[in-house]
Amino acid sequence: MVKFGLIGNPVGHSTSPRYFNSKYNRENINARYEAYQLDSADELINLINKEPALVGLNVTSPFKTDVIPYLDILTDDAQLINSVNTIFIDRTQSGKNSNFKLIGHNSDVDGFKILLKELSLDINENQYRSALVFGNGGGARAAVAALLSINVNPTIISRSKTKSISIPDVDVLTYGDLNYDVISKTSILVNATPLGMAGVNIDRCVDIPYDAITSPTFCIDLIYNPPVTQFLNRCAHNGATIKNGLSMLIGQAESSWRFWQNQLHQLEK
Ligand code: NAP
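In this text, all values refer to a predicted model and were calculated from it rather than measured experimentally.

### Topic: the domain arrangement of the protein chain
Link 1 in the chain: Domain assignment breaks the protein chain into domain 1 (2–106) and domain 2 (109–244).
Link 2 in the chain: Taking only C-alpha atoms, the centre of domain 1 and the centre of domain 2 are 28 Å apart.
Link 3 in the chain: The partner domain 2 presents nine residues to the eight residues of domain 1 that form the contact.
Link 4 in the chain: Between domain 1 and domain 2, the buried area comes to about 730 Å², and carbon and sulfur atoms account for 55% of it.

### Re the pairing of strand β10 (residues 188–191)
Link 1 in the chain: Burial of β10 is two-sided: the residues I188 and V190 facing one way and the residues L189 and N191 facing the other way are all buried.
Link 2 in the chain: Sheet topology places strand β7 (residues 130–134) next to β10; four bridges connect them, and they run parallel. Counterpart to L132 in the pairing with β10 is L189.
Link 3 in the chain: For β10 and strand β11 (residues 218–221), the ladder comprises four bridges, and the chain directions are parallel. Directly across from N191, in β11, lies its bridge partner D221.

### Some details on the environment of F4
Link 1 in the chain: Mapping F4 onto the fold places it in strand β1 (residues 2–8).
Link 2 in the chain: Overall, the relative accessible area of 1% leaves F4 in the buried class.
Link 3 in the chain: Separated by 250 residues in sequence, F4 and E254 have C-alpha atoms that sit 13 Å apart.
Link 4 in the chain: The contact partners of F4, leaving out residues within four places of it in the chain, are Y24, A31, R32, Y33, E34, L54, V55, G56, W257, W260 and Q261.

### Some remarks on the side chain of K101
Link 1 in the chain: Positionally, K101 belongs in strand β6 (residues 101–105).
Link 2 in the chain: The charged side chain of K101 is buried without a salt bridge, its nearest counter-charge being D90 at 4.7 Å.
Link 3 in the chain: With near-sequence residues (within four places) excluded, K101 lies in contact with D72, I73, F88, I89, D90, Q93, S94 and G95.

### Considering the sheet that holds strand β3 (residues 54–59)
Link 1 in the chain: Spatial strand order, β2-β1-β3-β5-β6-β4: six strands in an open sheet with mixed pairing. A single partner strand is all that each edge strand has here, and the edge strands are β2 (31–37) and β4 (73–74).
Link 2 in the chain: Here seven bridges tie β1 to β2, and the two strands are oriented parallel to one another. Residue pairing for β2: V2 is matched across the bridge by A31.
Link 3 in the chain: Contacting β1, β2 and β3, helix α1 (residues 16–26) runs over the sheet at an angle of about 170 degrees to β2.
Link 4 in the chain: Each of β1, β2, β3, β5 (86–90) and β6 is contacted by helix α8 (residues 246–268), which is oriented at about 20 degrees to β5, the strand it contacts most.

### Observations concerning the packing of aromatic side chains
Link 1 in the chain: Evaluation of the coordinates by the stated rule reveals 13 aromatic pairs.
Link 2 in the chain: Taken together, a centroid distance of 5.2 Å and an interplanar angle of 65 degrees make the contact between F4 and W257 edge-to-face. Here the residue F4 occupies a position in strand β1, and W257 occupies one in helix α8, the gap between them amounting to 253 residues. Summarising the burial analysis for this pair, F4 and W257 share the class buried.
Link 3 in the chain: For the ring pair Y19 and F20, a centre distance of 5.4 Å and an interplane angle of 90 degrees mean the geometry is edge-to-face.
Link 4 in the chain: Members of the aromatic cluster, each reached through a chain of ring pairs, are F4, Y19, F20, Y24, Y33, W257 and W260.

Cut-off values and rules
- Here the residue numbering is sequential within each chain, running from 1 through the sequence in written order.
- Local features are withheld for residues below a pLDDT of 70 in this predicted model, meaning they are given only at 70 or higher, and side-chain atom pairs are given and counted only at 80 or more; totals for whole chains, interfaces and linings count all residues.
- Each side-chain value is worked out from all heavy atoms of the structure, with water and hydrogens disregarded.
- Here the limits of each domain have been adopted from an automatic or database domain assignment.
- Residue contacts follow a heavy-atom distance rule, with two residues in contact if any of their heavy atoms lie within 4.5 Å.
- Here's the idea: put two parts together, see how much 1.4 Å probe accessible area each one loses, and the total over both is what we call buried area.
- Summary of the burial criterion: residues with accessible area below 20% of their type's maximum are buried, those above 50% are exposed, and those between are partly exposed, where the area comes from a 1.4 Å probe applied to protein chains only.
- Only runs of H or I of at least four residues qualify as helices and only runs of E of at least two qualify as strands under DSSP, and these elements are numbered from the N terminus.
- Any two strands with at least two DSSP bridges between them are considered paired.
- A residue counts as positive if it is Lys or Arg and as negative if it is Asp or Glu; His and the chain ends are not included.
- A carboxyl oxygen of Asp or Glu within 4 Å of a side-chain nitrogen of Lys or Arg is what we treat as a salt bridge.
- Lines are fitted to the C-alpha atoms to define the axes, a helix being fitted only along its stretch in contact, and any angle between axes, read from their N-to-C directions, falls within 0 to 180 degrees.
- Pairing of aromatic rings covers Phe, Tyr and Trp, the last through its six-membered ring, and needs centres within 6.5 Å; plane angles under 30 degrees mean stacked, over 60 mean edge-to-face, and all others mean tilted.

Right, here's the structure in full:
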């Protein structure tokens, strides 16, 4: 039996073990998926040594960027957004840190592309050519890469302008730059901050002039629990079409699975 898993801290809340183990049962796949809570990314190599059946890992907060120095190869998406949420472990070759080679990928980009497809945006219409993405972490950068891939021009909104973003030609503004005019002229708004998540942040949302939102606006939240966050609730109240992050979650999981399977097939050739 081969093993897959998730590393992060914390990992207890993650739906991934249930998602993948149900998939393996349903599709008769002889595999097991486990969550591993690590104290830091430098425990990655040790974990892979201790678990010889491990073939692939997902990576969640706070290690999506911290794992990169331990990897041998990055796919284009992972390199562009400087964030890895999927690792393939190739035990047939040696890498720079160990006797296996580690390939890093980011399936959140695919996950967000799937979410965008479900919205059926008409990008040919001028009004859907620009987007504001709130947050500057791995989720935000995945959304930015997916928007760029369909020729939408995204702007990152961060609490601080000094933070660097790895994606070339993407502007960074602060919340102070967002007046009524900027919001009313943008038809795609994406919350990629943790504000609104079940737990400590459930009653919170990004501080923007919500009354500037008009009805042809699409408002997307990467959060899926609760299904309607404060952000989505306030956007819907102003007539926007809203969508939560559930299809991105499922999309990224299936994309990780396809990535691991493609890598395994290449080894068999
Ligand atoms: P992250 O790396 O921690 O980044 C979150 C960003 O949000 C930070 O870079 C920060 O940007 C901003 N932020 C943090 N606290 C804030 C606050 N109090 N007020 C305003 N902005 C704040 O997290 P992430 O991995 O990108 O995830 C972000 C959210 O997306 C989480 O809720 C996560 O669960 C969700 N997510 C969902 C999926 C999915 O499949 N549906 C995939 C990935 C992520 P600045 O410091 O620049 O302001």
